[in-house]
Amino acid sequence: QVQLVESGGGLVQAGDSLRLSCAASGYTFSSYTMAWFRQAPGKEREFVAVINLNGVYTYYTDSVKGRFTISRDNAKNTVSLQMNSLKPEDTAVYYCAAKRTIVQFTSSAQYDYWGQGTQVTVSS
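Remember, predicted model here, so these are calculated numbers, not experimental data. (Residues numbered from 1 in each chain as written. Predicted model: local features only at pLDDT ≥ 70, side-chain atom pairs only at ≥ 80, totals over all residues. Heavy atoms only, no water.)

Visitor: How would you summarise the side chain of Arg72 if you had to cite specific residues and measurements?
Guide: Tracing the chain through its elements places Arg72 in strand E7 (residues 68-73). As a buried residue without a salt bridge, Arg72 has its nearest oppositely charged side chain in Asp73, at a separation of 8.3 Å. Here the side chain of Arg72 touches Leu53 through a polar contact of 3.4 Å, landing on its backbone oxygen. (Helix = DSSP H or I, 4+ residues; strand = E, 2+ residues; numbered from the N terminus. Buried < 20%, exposed > 50% of the residue type's maximum accessible area, 1.4 Å probe, protein only. Lys, Arg positive; Asp, Glu negative; His and termini not counted. Salt bridge = Lys/Arg side-chain N within 4 Å of Asp/Glu carboxyl O. Polar contact = N/O pair within 3.5 Å; in protein donor to acceptor, adjacent residues only side chain to side chain.)

Visitor: Give a detailed account of the state of the cysteines, specifying residues and quantitative values.
Guide: Under the defined criterion, the tally for this structure stands at 1 disulfide. Here Cys22 connects covalently by a disulfide to Cys96, the sulfurs 2.0 Å from one another. Because the sign of the S-S torsion sets the handedness, a value of about 45° for the bond joining Cys22 and Cys96 places this disulfide among the right-handed ones. Residue Cys22 is located in strand E3 (residues 18-25), and its partner Cys96 is located in strand E9 (residues 92-99); the two are separated by 74 residues in the primary sequence. Just as Cys22 is buried, Cys96 falls in that class too. (Disulfide = S-S within 2.5 Å.)

Visitor: Residues and numbers for the packing of aromatic side chains, please.
Guide: The final tally for this structure, using the stated rule, is 10 aromatic pairs. Measuring from centroid to centroid gives 5.8 Å for Phe37 and Phe47, while their planes differ by 75°, and the two rings are edge-to-face. Taken together, the residues span a long stretch of sequence, with Phe37 in strand E4 (residues 33-39) and Phe47 in strand E5 (residues 46-51) at a distance of 10 residues. On the accessibility criterion, Phe37 (0% relative accessible area) is buried. Residue Phe47 is classed as buried on the basis of its relative accessible area, which comes to 10%. On the numbers, 6.0 Å between centres and 20° between planes, the contact of Phe47 with Tyr59 is stacked. With a gap of 12 residues between them, Phe47 in strand E5 and Tyr59 in strand E6 (residues 58-60) connect regions that are remote in the sequence. (Phe/Tyr/Trp six-rings, centres within 6.5 Å; stacked < 30°, edge-to-face > 60°.)

Below is the structure:
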């Protein structure tokens, strides 16, 4: 049974940092592309970052480039999102997602497995 569990969310002030983690189980982690998405109240779920199978290739949405870093540890079955210089507009529920593919999809519709989400709130 595939399971993704996010952690690390919280309430921070603008300019602060947070590190989100997603622990995966129930499948061969290294065979899955991993991604982070977020959903703010009243908005659609949007792509944040994606990382390929071995962690060499990453891609980010423009609004987080230079501030967020996605990484993975295939030995520990975890994917992380380091978020620096947080802004109020980063406030959302953050989800990790997984798909067995070598393609770094940015559409939420492409992903097969999802975590329950972790809330990130950035105050101004």
